[in-house]
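An overview of the molecular structure
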Amino acid sequence: MPLAFESASHGEVAFGFFNIDTDMLVLEHYFFFAPEFCALVSELARSETPEQFSSQLEGYNIKDREKIGDLMGAIHGIRYTGFIGEVYRVFPFPRLPEAFKQDPEGQRNRAVVEEIIEKFGSRELIDFVAANGRGNVMIEEYEFTRERFFELVRYVWLGGYPRWRDGIRPQYVLKMKEDIMASKSGFFRGIMLEGS
């Protein structure tokens, strides 16, 4: 489930996985896939000049809140509205509480999720920038201090609120951690990734 994270620009913002059967992440009204997010974090970790790092993340923008949908209504099976509601129609919340774990093979459902989101949002390139002179990271208009950005990275590493099913992480997450641990720039100094 998405959690509230403190941004430097907009106060608390929602970020995270919103359905255990997909590897898509949400940041307020932007939606993008975790492998692409992790690949950019890896690129940032490998960069010798993170203060000059600027790239883009392929994703989607759903500007109308109604078109995003009602996450809690969809989870409880009582209100399937917008994009999130359509995703939950296809991939409903598990009946057994112990089955509520993030699927490390969520990538296999990408084509289905992309077909659904095309009905609700526009495909966009989302700016991902560390080159702002403050050591902060910006994902489009949302700015995070380095420490708060680390929390986003840690969330994905852990598999979000429910954690990865059976403690198995996808390869793209393991690669991200490997690149962070090997980083020589100092940008990721102090990050805590459990389960080493």
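Above this note sits the structure.
Residues numbered from 1 in each chain as written. Predicted model: local features only at pLDDT ≥ 70, side-chain atom pairs only at ≥ 80, totals over all residues. Heavy atoms only, no water.

What about the pattern of salt bridges?
Test applied: We define a salt bridge as a side-chain nitrogen of Lys or Arg found within 4 Å of a carboxyl oxygen belonging to Asp or Glu. Relative accessibility decides the category of a residue: with a 1.4 Å probe and only protein chains considered, values under 20% of the type maximum give buried, values over 50% give exposed, and everything between is partly exposed. Segments assigned H or I by DSSP are reported as helices when at least four residues long, segments assigned E as strands when at least two residues long, and all are numbered from the N terminus.
One pass over the structure, following the stated rule, counts 14 salt bridges. With its nearest N and O atoms 3.3 Å apart, the salt bridge here joins R79 to D70. The exposure class assigned to R79 is partly exposed, which follows from its relative accessible area of 39%. Assessed through its relative accessible area of 22%, D70 is described here as partly exposed. Across the pair R148 and E151 runs a salt bridge, and its minimum N-O distance is 2.9 Å. Highlighted residues: R148 and E151, both in helix 6 (residues 146-158), separated by three residues, approximately one helical turn. Overall, the relative accessible area of 34% leaves R148 in the partly exposed class. The partly exposed category is assigned to E151, whose relative accessible area is 24%.

Focus on the environment of F93
Rules: Between two residues, a contact is recorded if the distance between any of their heavy atoms is within 4.5 Å.
Along the chain, F93 turns up in the loop between helix 4 (82-90) and helix 5 (110-117). Judged by its relative accessible area of 28%, F93 falls in the partly exposed class. Once the C-alpha coordinates of F93 and I20 are considered, the two residues, 73 residues apart in sequence, prove to be 8.0 Å apart. Apart from the residues lying within four places of it in its own chain, the contact partners of F93 are I75, Y88 and F100.

Looking at helix 5
Definition in use: What the arc measures is the spread of directions leading from the helix axis to the C-beta atoms.
Those residues of helix 5 not exposed but buried are R110, V113, I116 and I117. Looking down the long axis of helix 5, one finds its buried residues gathered within 130° of arc, a one-sided arrangement. Turned more than 90 degrees away from the buried face of helix 5 sit A111 and E115, all of them exposed. Here the buried face of helix 5 lies against strand 3 (24-27), strand 4 (30-33), helix 1 (34-46), strand 5 (54-61) and helix 4.

Worth remembering: the numbers are spatial, not functional.
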